[in-house]
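Inside the fold
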Amino acid sequence: MTSTPSTTHPAGAAELGTLVVMPWSGEAPDGGDMPYLLAYSLGDAATGPEASAAAIERLLNDNGLSAGGDLVDGTERPGLPVGLLVESGTAVLTLPGLTAQCVPPPEWIAAVGERGYAYLVFTTRPWPEATPGRPVEAEALAAFAGADETLRAAAHIVLPARSLRG
């Protein structure tokens, strides 16, 4: 079971609705543990879920990313405007004008420490059922995060993990 621990309402971006970042880890093709981050809206903007999806798509496009585009390897793009800070058991995802944080489970922290990066799936597809503070069963997470509809509507980014320590 995973909980939905983080939300943010960026200034001037109310049309995003409630933005959630959910961490989890799982086995990768190389046999190691892969740290994942799923960023999504609840679709609860005042103008509806379609407006939330469009706002996220604009946010991604404004930052040189595209939903449904190729995998972006942030380890090879030092100027990428998306960042990940992992410090004191907290993961902080940043984009210009947007900061979202979450408290990942220990196995996620270990995996990101080993790999030096996390795989971010930032989807335009709303997930209103996965609200902050409520547990999400592993099956529900796998069904949403692994759905073709979610993956095709997402920017996929290998995001280097930085820390405050050198």
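Residues numbered from 1 in each chain as written. Predicted model: local features only at pLDDT ≥ 70, side-chain atom pairs only at ≥ 80, totals over all residues. Heavy atoms only, no water.

**Let's talk about the packing of aromatic side chains**
Definition in use: Centres within 6.5 Å make a pair out of two Phe, Tyr or Trp rings, where for Trp the six-membered ring is used; the pair is then stacked when the planes are under 30 degrees apart, edge-to-face when over 60, and tilted otherwise. Helical segments are the DSSP runs of H or I of at least four residues, strand segments are the runs of E of at least two, and each set is numbered from the N terminus. Whether a residue is buried, partly exposed or exposed follows from its accessible area with a 1.4 Å probe, protein chains only, as a fraction of its type maximum: under 20%, in between, or over 50%, in that order.
Tallied over the entire structure, the rule returns five aromatic pairs. The interplanar angle of 15° and the centroid separation of 5.0 Å between the aromatic rings of Trp-24 and Tyr-36 together place this pair among those described as stacked. Of the two residues, Trp-24 is situated in strand S3 (residues 19-27) and Tyr-36 in strand S4 (residues 33-41); the sequence distance between them amounts to twelve residues. Each member of the pair, Trp-24 as well as Tyr-36, carries the same accessibility label: buried.

**Thoughts on the pairing of strand S6 (residues 83-87)**
What counts is decided by this rule: Here, a strand pair is defined by DSSP locating no fewer than two bridges between the strands.
Burial of S6 is extensive: four of the five residues sit out of reach of the surface. Across five bridges, the pairing between S6 and strand S7 (residues 90-95) is antiparallel. In the sheet register, Glu-87 faces S7, and the bridge partner there is Thr-90. Examined bridge by bridge, S6 and strand S11 (residues 154-162) share two bridges and lie parallel to one another. When the sheet's bridge partners are listed, Leu-84 is paired in S11 with Ala-161.

**What to know about the pattern of salt bridges**
Inclusion rule: A pair is scored as a salt bridge if a Lys or Arg side-chain nitrogen falls within 4 Å of a carboxyl oxygen belonging to Asp or Glu.
Within the structure shown, the criterion is met by three salt bridges. Among the ionic pairs, Arg-58 bridges to Glu-15, the shortest N-O distance being 3.8 Å. Of this pair, Arg-58 sits in helix H1 (residues 49-62) while Glu-15 sits in the loop between strand S2 (7-8) and S3, placing them 43 residues apart in sequence. Using a relative accessible area of 41% as the deciding quantity, one classes Arg-58 as partly exposed. A salt bridge links Arg-125 to Glu-149, with the nearest nitrogen and oxygen atoms 3.6 Å apart. One end of the pair, Arg-125, is in the loop between strand S9 (117-123) and strand S10 (135-136); the other, Glu-149, is in helix H4 (residues 148-152), with 24 residues separating them in the sequence. Taking the relative accessible area as the measure of exposure, Arg-125 reaches 22% and is therefore partly exposed.

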